Amino acid sequence: MVKKILVFLSVALLSCTAFSACSPREPNPGGEGGGGVTPHSVTVEEPFGVELSASVSSASAGVNVVVTAEPAAWRTVESVSCNGTPCTKNEDGTYSFTMPDENVTVTAEVKDSGEDVDEDDGMTWVFAPSEIAPYEYGDQTFEVDFGSSPVNISANEDDGMLYAKVTSTNPDAIPAEAISKVEDTIGDFESTSGFTQGATFSVDLSKVSLGSTTLVFEDTDHDRTIAKYVTVTEYGTIVPGNVQAAELEIEYDFNVSRPGFSGNVDLDKVVIIVNVSDQDYIYGTDPDSGCVRYQEGRFLLSNDGEKSMTVNLIEGHRYMITAAAWQFTNTMDDEAQGGLTQIANGSFVIGDYTGPGFANSIEKDEDGRAWLNVTDFTQKISVSLDR
């Protein structure tokens, strides 16, 4: 009984020895300078706005691994780590670590650089405020122009444009749910083909909090990206740009036979109301700056001579001008529109325009609106109202 056991053990030991001799274990360094025999994976977690790559996808223990980090202009790399351990930053701006005897994950700590990207291959911001403020009843609009490369207009009700998206780098300041879907400037979500020259999106100010973030706008149709560093500050503290008081001169040649003015209209009680609204108004603007979203002028139809109103304008902003005829029941200076009744067919179309040189421009719509861009305040700005 004992003898059989000893013979069995001897054969087993001999078999193990023979196996080792016939199949030696080959070393596999897995990279330069590697002394280990088992390669481990190198996984890179690329943060938003940074191209992060490693010199190898696998390596054995002891290998020197180099990591390259290329941030966008609106991003800054604070550090790079391997399995949570900081890597060494090299003189050429790369990072490196010695491969441990285990799988590794490379990560990067990043933050916003505070820099804007205003143009990328022709795509630019039309309007993008650098400061906004929490406000319960307003949305702040941002607008983009696609330049000479229009973007596929495909969109749907749930997602907006399918080839454009907006990301906030700091959801504590501007969360994703505060950002509207991107809408093309045509504004037709039922369009299924064609291209658009521009797009808009808005930020729901009731959902933002004090802090800073970068809004990143991506055109995935042409692989373009622009970015705006936005600070959410206290309401009423935003200081506008160059504010100037400009004189807006109103001219009209009224025809009493115009439809809508017959019957019970008392021409001595007809008021022409001109509204100037800032299309790029920023909610939270300091009220002491004199800038408001809406400015209004009222002129009696019966008054002869020059009619003008002083308006505070911000350089670079766009203004919409509308004009309509009303009949007052009490006085023309009633604070509430309740004392005024708009006359049927009494909306005027903005006609000829004269201004101080080529610095200012105006675009007219058939519905009676005029889009005024003012950059020169040295002369009067005149508009005429078509009869």
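Residues numbered from 1 in each chain as written. Predicted model: local features only at pLDDT ≥ 70, side-chain atom pairs only at ≥ 80, totals over all residues. Heavy atoms only, no water.

Asks: Can you help me understand the sheet that holds strand 10 (residues 119-120) in this one?
Replies: Either a parallel or an antiparallel arrangement is found when strands of a sheet pair, and the pairing is made through backbone hydrogen bonds. Within the open sheet, the five strands sit side by side as 10-11-13-20-18. Their pairing is antiparallel. Unpaired on one side and paired on the other, strand 10 and strand 18 (183-184) mark the two borders of the sheet. Relative to strand 20 (residues 198-204), strand 13 (residues 139-145) runs antiparallel, the two being bridged by seven bridges. For Asp145, the partnering residue across the bridge sits in strand 20 and is Gly198. (Pairing = 2+ DSSP bridges. Helix = DSSP H or I, 4+ residues; strand = E, 2+ residues; numbered from the N terminus.)

Asks: It is not clear to me how the pattern of salt bridges should be interpreted in this structure. Could you clarify?
Replies: A side chain of one charge can pair with a side chain of the opposite charge when the charged atoms of the two come close. The final tally for this structure, using the stated rule, is nine salt bridges. The partner of Arg75 in a salt bridge is Asp112, and the shortest N-O contact between them spans 2.7 Å. Within this pair, whereas Arg75 is found in strand 5 (residues 75-82), its partner Asp112 is found in strand 9 (residues 104-112), the two being separated by 37 residues in sequence. A relative accessible area of 12% means that Arg75 is categorised as buried. Taking relative accessible area as the criterion, Asp112 reaches 18% and is therefore assigned buried. Measuring nitrogen to oxygen at the nearest pair gives 3.2 Å for the salt bridge that ties Lys228 to Asp116. Linking Lys228 in strand 22 (residues 224-232) with Asp116 in the loop between strand 9 and strand 10, this pair joins segments that are 112 residues apart in sequence. Taking the relative accessible area as the measure of exposure, Lys228 reaches 12% and is therefore buried. What makes Asp116 partly exposed here is its relative accessible area of 30%. It is possible to trace a salt-bridge network through shared partners that takes in Glu143, Asp280 and Arg318. (Salt bridge = Lys/Arg side-chain N within 4 Å of Asp/Glu carboxyl O. Buried < 20%, exposed > 50% of the residue type's maximum accessible area, 1.4 Å probe, protein only.)

Asks: Help me out: how do you make sense of the sheet that holds strand 17 (residues 164-168) in this one?
Replies: Read across the open sheet, the four strands follow the order 12-22-21-17; overall the sheet is mixed. Two strands bound the open sheet, and with one partner strand each, they are strand 12 (131-132) and strand 17. Pairing geometry for strand 12 and strand 22, over two bridges, is parallel. Bridge assignment links Ile132 to a residue of strand 22, and that residue is Val232.

Asks: Just to check I follow, could you spell out unusual backbone geometry for this structure?
Replies: Leaving glycine out, the prevailing phi sign among residues is negative, and the prevailing peptide bond configuration is trans. With a phi angle near 55°, Asn83 is a residue other than glycine that sits in the positive phi range. Along the polypeptide, Asn83 turns up in the loop between strand 5 and strand 6 (85-86). Even without being a glycine, Asp223 presents a positive backbone phi close to 55°. Judged by relative accessible area, Asp223 falls into the exposed class, the value being 70%.

Asks: What should I look at first to understand the packing of aromatic side chains in this one?
Replies: Inspection of the entire model under this criterion finds eleven aromatic pairs. Ring geometry for Phe146 and Phe217: centres 6.2 Å apart, planes at 40°, overall tilted. A residue pair is termed long-range when its members are at least 10 positions apart, and Phe146 in the loop between strand 13 and strand 14 (151-152) and Phe217 in strand 21 (residues 211-219) qualify at 71 residues. Side by side, Phe146 and Phe217 carry an identical accessibility label, which is buried. Members of the aromatic cluster, each reached through a chain of ring pairs, are Trp125, Phe142, Phe146, Phe201 and Phe217. (Phe/Tyr/Trp six-rings, centres within 6.5 Å; stacked < 30°, edge-to-face > 60°.)

Asks: What should I look at first to understand the environment of Thr233 in this one?
Replies: Position of Thr233 relative to the elements: it lies in the loop between strand 22 and strand 23 (243-252). Between the C-alpha atom of Thr233 and that of Ser209, which follows or precedes it by 24 residues, the distance is 8.2 Å. Discounting residues that sit within four places of it in the chain, Thr233 has contacts with Glu131, Ile132, Ala133, Pro134, Leu210 and Ile238. In this structure the side chain of Thr233 is engaged in a polar contact, spanning 3.4 Å, whose partner is the side chain of Thr237. (Contact = heavy atoms within 4.5 Å. Polar contact = N/O pair within 3.5 Å; in protein donor to acceptor, adjacent residues only side chain to side chain.)

Asks: Is there a simple way to explain the side chain of Thr214 in this structure?
Replies: Examined against the element boundaries, Thr214 turns out to sit in strand 21. With a relative accessible area of 0%, Thr214 lands in the buried category.

Asks: Hey, could you run me through the pairing of strand 25 (residues 294-300) in this one?
Replies: The side chains of a regular strand alternate, residue by residue, between the two faces of the sheet. Among the seven residues that make up strand 25, five are buried, leaving the element largely enclosed by the rest of the structure. As judged from the seven bridges shared by strand 24 (residues 270-278) and strand 25, these two strands associate in the antiparallel manner. Paired with Asn275 across the two strands is Glu296, which belongs to strand 25.

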